[in-house]
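Chains, contacts and geometry: an overview
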Amino acid sequence: EGVQPQEYTIIKMELVAPFPEKFKVLEGRKVFLAAATLRPETMYGQTNAWVLPDGKYGAFEINDSEVFVLAHRAALNLAYQNHSRVPEKPSCLLELTGRDLIGLPLKSPLSFNEVIYALPMLSILMDKGTGVVTSVPSDAPDDYMALHDLKAKPALREKYGVKDEWVLPFEIVPIIEVPQFGNKCAETVCLQMKIKSQNDKEKLAEAKKQTYLKGFTEGTMIVGEFAGRKVQEAKPLIRNKLLETGQAIIYSE
Ligand code: A2H
């Protein structure tokens, strides 16, 4: 990790009622999976959320009505950034693991898919961001490969209790046009580099570098309110909208 603080946007992915048994104590509150992203302008293309099956999570009171599900470390950081019901102290209502989160139905800001599901990703780091990641397989190589693995491998779905209907209906949503890479830039690069699975760490790091730089510097939005604008211009505009409408907050670490 660098010396510069990283500023993320936390996307509030709302848990759809009625809540499952384990979450009944949270009934009556607004509960969100809190996903940290560096690419808020890509939220149109969400197909699911990612959690680490063996990761430790908690449901934390952010204020009187809202609860965030995220890693404990992130809850502590948020408490020092004015996002805890109790100032400077995380208030955990419920201890959870990633396995408890798999299959939760979510409504996420800007997503063309009205309801998406929390699914397992094995490369999630619990000491980065919130431990919850929003999945945009059109533009993120990690997301593309992890979704590809789940779609292609029934045994992987079975291992984590993932139902077909949480995965199979979800297609890549084109949202950004990148010269030479097309409008499914993560897929293009993963195919070109012949990446086999989400475990192909070295190649994925290279794919990420390529798509991140090119998508940001040369990409054009093809959907949403800022369609036709360059990604560089659209990003702060979309981010500000999400912040102003209460669908996202700023998070630094
Ligand atoms: B990004 P950096 Cl479309 N473990 O969001 C693993 N990955 C994590 C994470 C964690 N705990 N927390 C966040 N991330 C991901 C969108 C996106 C992202 C797109 C394209 C590239 C991209 C949709 N997923 O990131 O190490 C999140 O995925 C490539 C850099 O702090 C977050 O932004 O630089 C990004 O990694 C933060 O990575």
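Residues numbered from 1 in each chain as written. Predicted model: local features only at pLDDT ≥ 70, side-chain atom pairs only at ≥ 80, totals over all residues.

**Side note on the overall build of the protein**
In terms of helices and strands, the protein carries seven helices and twelve strands. Scaling as 2.2 N^0.38, a compact globule of 253 residues should have a C-alpha radius of gyration of about 18 Å, and the protein matches this with 17 Å. Taken along the three principal axes of its C-alpha coordinates, the protein extends 50 × 40 × 35 Å. The buried share among the 253 residues of the protein stands at 45%. Relative to all contacts within the protein whose residues are 6 or more apart in sequence, the contacts with residues 24 or more apart total 70%. (Helix = DSSP H or I, 4+ residues; strand = E, 2+ residues; numbered from the N terminus. Rg over C-alpha atoms; globule rule 2.2 N^0.38 Å. Buried ≥ 20, exposed ≤ 12 C-beta atoms within 10 Å, placed from the backbone. Contact = placed C-beta atoms within 7 Å.)

**Description of the packing of helix α5 (residues 185-192) against helix α6 (residues 201-218)**
Between α5 and α6, the least distance of the axes is 10 Å, while the angle of their chain directions is 145°. Two packed elements cross with a definite hand, and for α5 against α6 that hand is right-handed. On α6, the residues that touch C185, A186, V189 and C190 of α5 are A207, Q210, T211 and G215. Grouping the amino acids of the contact of α5 with α6 by side-chain chemistry returns five nonpolar, three polar and no charged. (Axes fitted to C-alpha atoms, helices over the stretch in contact; angles between N-to-C directions. Left-handed = near helix turned anticlockwise from the far one by under 90°. Nonpolar A, V, L, I, M, F, W, Y, C, P; charged D, E, K, R; others polar.)

**What about unusual backbone geometry?**
A cis amide bond, omega 0°, links A17 with the succeeding residue P18. Looking at the element boundaries, P18 is found in the loop between β1 (7-15) and β2 (30-37). In this structure, E88 is a non-glycine residue whose phi angle is positive, near 60°. The exposure class assigned to E88 is exposed, which follows from the 10 C-beta atoms found within 10 Å.

**Remarks on the nonpolar core**
Among the nonpolar cores identified, the biggest contains 70 residues, and L33, A35, A49, V69 and L70 are the most heavily contacted of them. What A49 contacts, discounting residues up to four positions off in sequence, is M13, L33, A35, L106, I116, A118, L119, V132, V133, T134 and S135. (Core = buried A, V, L, I, M, F, W, Y, C linked by C-beta atoms within 7 Å.)

**Focus: the site of the ligand**
Residues in contact with the ligand amount to 20 residues; listed here are only the nearest, T37, G129, V136, D139 and A140. Contributions of two or more residues to the shell around the ligand are made by β2, β9 (132-135) and α6. It is β9 that provides the largest number of residues to the shell around the ligand, a total of three residues. Residue composition of the shell around the ligand, by class: eight nonpolar, seven polar and five charged. (Near = placed C-beta within 6 Å.)

**Here's the deal with the packing of helix α3 (residues 141-152) against α6**
Here α3 crosses α6 at 130°, and the two axes come no closer than 9 Å. Relative to α6, α3 is oriented oblique. Residues P141, D142 and M145 of α3 lie in contact with α6, whose contacting residues are L204, A207, K208 and T211. Among the residues making up the contact of α3 with α6, the classes are represented as four nonpolar, one polar and two charged. (Parallel < 35°, antiparallel > 145°, perpendicular 65-115°, else oblique.)

**Notes on the confidence of the model for the protein**
Regions with low pLDDT carry predicted coordinates that are not meant to be interpreted in detail. For the protein, the average pLDDT comes to 97, and 99% of its residues sit at 70 or higher. This complex was scored by the predictor with a pTM of 0.98 and an ipTM of 0.99. (pLDDT = per-residue confidence, 0-100.)

**Notes on the pairing of β2**
The element β2 is largely enclosed, with a buried count of seven among its eight residues. Inspection of the sheet shows β1 paired to β2 by six bridges, in the antiparallel sense. Residue pairing for β2: M13 is matched across the bridge by L33. Note: β2 against strand β5 (residues 66-71), four bridges, orientation parallel. (Pairing = 2+ DSSP bridges.)

**As for the pairing of β5**
For a regular strand, side chains alternate in direction, first toward one face of the sheet and then toward the other. In terms of residue burial, β5 counts as a mostly covered element, since five of its six residues are buried. The antiparallel hairpin formed by strand β4 (residues 56-61) and β5 contains four residues in its connecting segment.

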